[in-house]
Amino acid sequence: MAREHSHPFIPYRPTRYPEAEMAERGRRFYEHLDRRRSVRFFSDEPVPRECVDLAVMAANTAPSGAHQQPWKFIVVGDPETRKRIREAAEIEERQNYEGGRLTPEWREALAHLETTSDKSYLETVPWLVVCFAEKYGVRPDGSRVKHYYVNESVGIACGFFIAALHEMGLSTLTHTPNPMAFLAEICGRPANERPYILFPVGYAAPDAEVPDLVRKPLSEVLG
Ligand code: IYR
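Predicted model only: the values in this text are computed from it and were never measured. (Residues numbered from 1 in each chain as written. Predicted model: local features only at pLDDT ≥ 70, side-chain atom pairs only at ≥ 80, totals over all residues. Heavy atoms only, no water.)

Bringing helix α3 (residues 79–97) into the picture now. Counted at 1.5 Å a residue, the expected span for α3 with its 19 residues is 27 Å, and the 26 Å between its end C-alpha atoms agrees. Here α3 has its buried residues at T81, R82, I85, A88, A89, E90, E92, E93, N96 and Y97. Structurally, α3 contributes buried residues whose contacts are with β1 (71–76), α4 (104–110), α5 (121–124), β2 (127–134), α7 (181–186) and β6 (193–202). (Helix = DSSP H or I, 4+ residues; strand = E, 2+ residues; numbered from the N terminus. Expected span 1.5 Å × (residues − 1). Buried < 20%, exposed > 50% of the residue type's maximum accessible area, 1.4 Å probe, protein only. Contact = heavy atoms within 4.5 Å.)

Okay, here's the thing in C-alpha cells:
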C-alpha cells in the first residue's frame, strides 16, 4: 500500500512468532520480571560503567510524547559526590521519619518495608543514576520548547532502565528522597530539569533481604 507521507517513514516489520511460542516467550519474560525486587542492601563491588550506559541506552528507547525524549540520566560514580547526595538525602529523610513530616497514614503504609532515614546504600553502591525530567526543552537561542506527557514518558523510560539492569543481574531501587531539589543542585542541572528518581545501582549484597511482598493476582489488576 502506497501511503502518502510528508515526513520520512521507513518499513517496520517486528518479529512474529508462532502462537505457541508467543505465550512461552510472554511467560518467560513475565517470570524474569517477577524475580526483580527493589533492593536496599547493596554490595560495594564495582560494576562496569558500560553496563550502566547500556541500561540508559535501553531507557532511551522508551516511547515519549512527540518523541521528545524528555529525560536526562546523570551517572555519579565519584565517592565525594555520592557522599554529598547521601548526606543531603538523609537530612530530608530525617525530617520525614524523625521530624514528623510523614503523615501517620503514610508511615503506616510504609511500615512493612521497614525503611528508615539511613540511606547509607547511597554511598555503598558503585553508581548513582539520577533521572531528571525535562519540564520543557531549551533551544540554542534560549527559547523554550513545550514538552508533552513528560511524566508518562520519563516513567516509561525509568521502567525500561530498571528492566535492563535486572536483565544484567544488577539491582536498583526507585529512591525518591522527598523533596529532591538538592539533586539538581549537586548534579548542577539547569532550571528546565526536575529530579525524577534517584537510582542506586550495584549488585545486591550477598546477604541482602527484601520484604516478603505478594503481588496482586491478575484477577485484581485486570479491570
Ligand atoms: N522517601 C522515603 C519514604 C518512602 C516513601 C515511599 I512511597 C516508599 O515506597 C519508600 C520509602 C524513603 O526513601 O525512605
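For the rest of this paragraph, the subject is the sheet that holds β6. Sheet architecture is open: four strands sit in the order β1-β2-β6-β5, paired in antiparallel fashion. At either end of the open sheet lies a strand with only one pairing partner, and these are β1 and β5 (171–172). For β1 and β2, the ladder comprises six bridges, and the chain directions are antiparallel. When the sheet's bridge partners are listed, F73 is paired in β2 with C131. (Pairing = 2+ DSSP bridges.)

Here the focus is unusual backbone geometry. Each neighbour pair has its own omega, and for N178 with P179 the value is -5°, a cis peptide bond. Its place among the elements puts P179 in the loop between β5 and α7. Positive phi is not limited to glycine here, since E114 has a value of about 50°. Within the element layout of this structure, E114 appears in the loop between α4 and α5. For Y149, which is not glycine, the phi dihedral falls at a positive 50°. Mapped onto the elements of the fold, Y149 is located in the loop between β4 (144–146) and α6 (150–167).

Right, let's get into the site of the ligand. As a structural note, the neighbourhood of the ligand is formed by R40, E93, Y97, W106, L110, L113, T115, T116, K119, H175 and T176. Measuring from an oxygen atom of the ligand, one finds a side-chain N or O atom of K119 at 2.6 Å. The separation between an oxygen atom of the ligand and a polar side-chain atom of H175 is 3.3 Å. Isolated, the ligand exposes 380 Å² of accessible area, and the fraction of that covered by the protein chains is 73%. Where the shell around the ligand is concerned, the elements lending two or more residues are α3 and α4. When its residues are assigned to classes, the shell around the ligand shows four nonpolar, four polar and three charged. (Near = heavy atom within 4 Å. Polar contact = N/O pair within 3.5 Å; in protein donor to acceptor, adjacent residues only side chain to side chain. Areas by Shrake-Rupley, 256 points an atom, 1.4 Å probe, with all protein chains shown as cover. Nonpolar A, V, L, I, M, F, W, Y, C, P; charged D, E, K, R; others polar.)

A few words now on the pattern of salt bridges. Enumeration over the complete set of coordinates arrives at ten salt bridges. Linking E21 and R25 is a salt bridge whose minimum nitrogen-to-oxygen distance equals 3.6 Å. Remark: R25 and E21 occur in helix α1 (residues 19–34); sequence separation between them is four residues, near one turn of the helix. Look at E21 and you get partly exposed, because its relative accessible area is 32%. A salt bridge links E92 to R101, with the nearest nitrogen and oxygen atoms 2.9 Å apart. Take R101: its relative accessible area is 34%, and that puts it in the partly exposed class. When salt bridges that share partners are traced, they join R86, E90 and E123 into one network. (Salt bridge = Lys/Arg side-chain N within 4 Å of Asp/Glu carboxyl O.)

Moving on, we come to the nonpolar core. In globular proteins that are soluble, nonpolar side chains generally tend to be buried together. Core analysis: the biggest nonpolar cluster contains 26 residues, and F73, V154, C158, F161, F199 and V201 have the highest contact counts within it. Elements with a contribution of two residues or more to this core: α2 (49–59), β1, β2, α6 and β6. The greatest single-element share of this core, amounting to eight residues, is contributed by α6. The contacts of F161, once residues within four sequence positions are left out, are V52, A55, V56, A59, F73, V129, F199 and V201. I74, A89, L128 and C187 belong to the second largest nonpolar core, which has 21 residues in total. (Core = buried A, V, L, I, M, F, W, Y, C linked by side-chain atoms within 4.5 Å.)

Scope: geometric values only; no functional claims are made or implied.
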